[in-house]
Amino acid sequence: GATGATSSTGATGSTGATSATGATGITGATGATSSTGATGSTGATSATGATGSTGASGATSSTGATGSTGATSATGATGITGATGATSSTGATGSTGATSATGVTGSTGATGATSSTGATGSTGATSATGATGNTGATGVTSSTGATGSTGATSATGVTGSTGSTGTTSSTGSTGSTGATSATGNTGATGSTGATGTTSSTGSTGSTGSTGSTGSTGSTGMLSDGTAIGNTTYWDGSQWVVSSSNIYNAGANIGINTAVPDTSAKLDIVSESSGLLIPRMTTTQRNAIPSPVESLLIYNTTTQCYEGYNATTQSWVAFGCIGCQLPGGFSASAGSALTGTSFSANWTASAGATTYYLDVSSVSSFTSFVAGYNNLNAGNVTTYSVTGLTCGTYYYRIRANNACGTGSNSNVISVTLSGAPTTANAGADITPACGVTTATLAGNTPTVGTGAWSVISGTATITTPSSPTSGVTGLAVPGTATLRWTITNNPCGTSTDDVVITTSSCCAGSLTINHTIGTVAPETKSVTYGVVSTNLSGSTKCWITRNLGATNQGSSATDNTDAAAGWYWQFNLKQGYKVGPTPAWTVTDINQNSNWVAAQDPCTIELGAGWRIPTGTEWTNADANGSWANYTNAYSSVLKLHAGGLLRTSDGLLQNRGANGYFYSSTQNNDREGVYLDIRSGGSNMAQAKNKPEAMTLRCIKD
């Protein structure tokens with residue numbers, strides 16, 4: 001419908017709890033909006049009902065103060081929207097209530113007039129939304145009230161169809177203009193404007209006439225000199241210019257002479273007066289700040305003329321009125337020379353009460369030995385100079401008494417040549433076989449310092465500055481030459497050498513007394529030959545006959561007991577001689593182990609360090625020796641020959657003179673050991689023999 005005039009808004013009431021939203025009906029005409037009250041605290045929002053169809057908008061009234069929000073009623077179905085009525089004034093908005101669930105929205109009716117909004121109360125719980133009636137015309141909108149707190153929003157319902165929009169009312173007329181307010185205070189004064197342009201200068205007037213010349217003044221007080229260099233002086237009544245005064249020749253000065261000597265900067269001529277230099281006491285003299293070289297004074301305390309010596313930083317008397325300076329004397333040759341000291345000597349000076357000593361390492365005395373620059377030596381004629389090193393030194397003396405200090409004496413030179421202690425490196429050293437260390441025995445120096453160095457060979461000196469240093473890393477076998485050097489610079493050095501000779505334990509022979517028991521099958525003494533070789537891949541010591549053999553094989557096919565020695569089953573320490581002896585009891589060995597040290601006959605019989613070669617060491621020896629048969633093996637330094645074996649079943653001898661079998665300490669599996677097999681047609685490593693088969697042994701040592 002047509003929009004009505006908007007009423008003033010009333011205060012909004014408090015918002016109630018929102019009810020669940022029902023189905024929205026057809027929107028009726030909008031009724032007049034009441035004034036809005038003050039807004040209250042927000043309540044829970046009820047569910048939103050269904051929106052009806054929108055009616056025509058009414059005229060909006062003026063907004064009132066918002067009151068607290070009142071409780072919201074349940075939303076009903078929206079009717080057909082009617083024409084909008086005039087909006088009333090809005091009241092204060094109340095607190096918002098809980099929002100109800102939204103109902104189904106109906107079709108929009110014409111907007112009715114809005115009534116004035118009442119004051120809004122505190123928000124209560126939102127009730128379920130009722131069905132919305134037809135919207136009336138919108139009333140006049142009241143003034144807006146204070147807004148209350150918002151309540152919880154309810155769920156939105158289904159929106160209904162929108163009704164037709166009502167016609168908009170005509171705009172109201174504009175209100176009359178308010179009265180003009182009173183005139184305000186006067187503003188601050190504005191800034192001064194720019195200065196105008198300067199007009200042009202007028203023309204210069206004509207020059208006036210020149211005045212008459214004044215009278216000449218009286219003559220000045222100074223008269224002209226009679227010669228170049230004349231200076232003036234005041235004679236008590238007037239200034240006088242005369243050559244009998246101070247004469248300034250430009251390059252030098254003359255007093256009482258017009259012709260100063262050209263070799264002098266100041267030439268004083270007089271037959272009736274003398275020269276008087278500054279006079280002061282010793283205390284006053286000592287207070288002069290930073291005196292310059294050759295500064296002159298007269299010392300009233302000592303009654304001596306004195307000049308300042310900047311080098312020695314001392315005042316030197318050169319003429320005394322009231323007393324006599326020390327008499328003449330001379331320095332004499334030094335004595336008691338050592339590598340670090342000497343005694344300075346001089347003759348006595350008549351009248352001297354003390355002497356000052358200078359010692360330097362340069363004859364010009366441009367520098368001094370520490371502690372010996374103008375040293376007060378006392379009333380003596382000899383002084384010990386210490387803390388020196390070898391070299392040449394110079395000394396001089398000055399005599400002193402109450403009248404002052406005399407001039408320097410003659411200069412004496414002294415050369416210190418303290419030789420270092422004679423070095424003694426000690427006797428040559430021969431460590432036990434196989435030992436790679438030694439202890440040195442040099443002498444302790446009394447003059448100078450000592451140090452060891454390696455001249456040749458292989459050696460590591462643990463403490464080079466110690467006369468009794470240890471030595472490690474000696475090559476075996478070999479020799480190393482070490483030098484003990486004692487130095488006393490700059491006075492020279494002294495050296496001595498010591499030779500250390502090492503030897504291998506794998507040289508000559510090794511005698512073993514075997515005793516029958518759990519290892520040796522008989523008691524006998526055997527002297528084994530030993531040899532050092534790298535056939536195994538690195539240098540090792542080997543015995544050159546089989547373990548237990550009385551003698552080395554005479555040929556590759558020697559089939560004697562004496563050359564064969566004893567036989568052992570794999571990883572068992574009991575040895576057997578041909579027979580077998582002792583009784584043969586083991587015919588089966590099934591164990592997963594290499595030959596262990598506790599069962600190793602080489603270790604037990606020959607001693608620590610000896611052992612059975614590994615499979616790898618036998619493999620390397622076979623390859624490095626290029627053994628193609630037992631003849632090649634016998635021709636090597638190891639002298640291997642065909643010693644045969646004792647078979648598994650009964651320990652009887654087999655293949656001696658035809659095959660040589662040598663166990664390694666390496667197993668092939670639980671039942672087989674790795675061994676070297678040499679014969680007429682070949683030489684190789686094999687793994688086919690059962691562990692109970694007894695074979696010959698060779699022993700090796702690292």
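Bear in mind that the values here come from a model prediction, so they are computed numbers and not experimental data. (Residues numbered from 1 in each chain as written. Predicted model: local features only at pLDDT ≥ 70, side-chain atom pairs only at ≥ 80, totals over all residues. Heavy atoms only, no water.)

Asker: Which residues make up the sheet that holds strand β10 (residues 253-255), and what values go with them?
Answerer: Overall, mixed pairing links the three strands, which are arranged β9-β10-β11 in an open sheet. In this open sheet, the two edge strands, each paired with only one partner strand, are β9 (246-248) and β11 (266-268). Neighbour-to-neighbour, the strand axes of this sheet turn through a mean angle of 15°, independent of strand direction. Pairing geometry for β9 and β10, over three bridges, is antiparallel. Among the inter-strand pairings, Asn248 is bridged to a residue of β10, identified as Ile253. (Pairing = 2+ DSSP bridges. Helix = DSSP H or I, 4+ residues; strand = E, 2+ residues; numbered from the N terminus. Axes fitted to C-alpha atoms, helices over the stretch in contact; angles between N-to-C directions.)

Asker: I'd love a proper account of helix α4 (residues 615-624), names of residues and values included.
Answerer: Residues Gly615, Glu617, Trp618, Ala621 and Asp622 constitute the buried set of α4. The buried residues of α4 occupy an angular sector of 165° when the element is viewed end-on, so they sit on one face. Of the residues in α4, the exposed ones pointing more than 90 degrees away from the buried face are Thr616 and Ala623. If you follow the buried residues of α4, they end up packed against β32 (540-543), β35 (610-611), β38 (659-667), β39 (673-679), β40 (682-686) and β41 (700-701). A positive backbone phi angle near 50° is found at Ser626, which sits one or two residues after α4. (Buried < 20%, exposed > 50% of the residue type's maximum accessible area, 1.4 Å probe, protein only. Arc of directions from axis to C-beta. Contact = heavy atoms within 4.5 Å.)

Asker: Now, about the pattern of salt bridges: what can you tell me, with residues and values included?
Answerer: Taken as a whole and judged by the stated rule, the model has 13 salt bridges. With a shortest N-O distance of 3.6 Å, Lys577 and Glu522 are connected by a salt bridge. On the criterion of sequence distance, the pair formed by Lys577 in the loop between β34 (575-576) and α3 (601-606) and Glu522 in the loop between β30 (509-514) and β31 (524-533) is long-range, its members being 55 residues apart. Judged by relative accessible area, Lys577 falls into the partly exposed class, the value being 28%. Residues Glu617 and Arg611 are paired through a salt bridge, measuring 2.8 Å at the closest nitrogen-oxygen approach. Neither residue differs from the other here; Glu617 and Arg611 are each classed as buried. (Salt bridge = Lys/Arg side-chain N within 4 Å of Asp/Glu carboxyl O.)

Asker: Lay out the environment of Ser349 in plain terms, naming residues and giving numbers.
Answerer: Within the secondary structure layout, Ser349 lies in the loop between β17 (342-346) and β18 (354-360). Taking the relative accessible area as the measure of exposure, Ser349 reaches 6% and is therefore buried. In the structure, Ser349 is positioned 32 residues away from Thr381 in sequence and 9.3 Å away in space, judged by C-alpha atoms. One polar contact links the side chain of Ser349 to the main-chain carbonyl oxygen of Gly327, over a distance of 2.4 Å. (Polar contact = N/O pair within 3.5 Å; in protein donor to acceptor, adjacent residues only side chain to side chain.)

Asker: Describe the packing of aromatic side chains, and please don't skip the residues or the numbers.
Answerer: Here the structure, examined in full by the defined rule, presents 16 aromatic pairs. Seen in terms of ring centroids, Trp452 and Trp484 are 4.9 Å apart; in terms of plane orientation they differ by 35°. Their pairing is tilted. Here Trp484 lies in strand β28 (residues 478-487) and Trp452 lies in strand β25 (residues 449-456), a separation of 32 residues in the sequence. Here Trp452 and Trp484 have matching classes, each one buried. Considering the side-chain rings of Trp618 and Phe662, the 5.8 Å spacing of their centres and the 40° angle between planes classify their relative orientation as tilted. Of the two residues, Trp618 sits in helix α4 while Phe662 sits in strand β38, which places them 44 residues apart along the sequence. The exposure classification of Trp618 matches that of Phe662, with both residues buried. In textbook terms, an aromatic cluster arises when at least three aromatic residues are bridged by ring pairs, as seen for Phe329, Trp346 and Tyr355. The ring of Tyr634 is capped by Lys639, whose NZ or CZ atom sits 4.7 Å from the centre of that ring. (Phe/Tyr/Trp six-rings, centres within 6.5 Å; stacked < 30°, edge-to-face > 60°. Lys NZ or Arg CZ within 6 Å of the ring centre and 35° of its normal.)

Asker: Can you break down the sheet that holds β38 residue by residue, with the values?
Answerer: Think of a sheet as strands paired side by side through backbone hydrogen bonds, with each pair either parallel or antiparallel. Read from one edge to the other, the open sheet built from three strands follows the order β38-β39-β40, with strand pairing classed as antiparallel. Pairing within the sheet leaves two strands with one partner each, and these edge strands are β38 and β40. Across the sheet, the mean angle from the axis of one strand to that of its neighbour is 15°, orientation sign disregarded. In this sheet, β40 lies alongside β39 in antiparallel orientation, the contact comprising five bridges.

Asker: Explain the side chain of Lys524 to me, and be specific about the residues and the numbers.
Answerer: Along the polypeptide, Lys524 turns up in strand β31. A polar contact of 3.0 Å, which involves the side chain of Lys524, links it to the side chain of Thr550. Not counting chain neighbours up to four residues away, the residues in contact with Lys524 comprise Ile512, Asn513, His514, Gly548, Ala549, Thr550 and Trp566.

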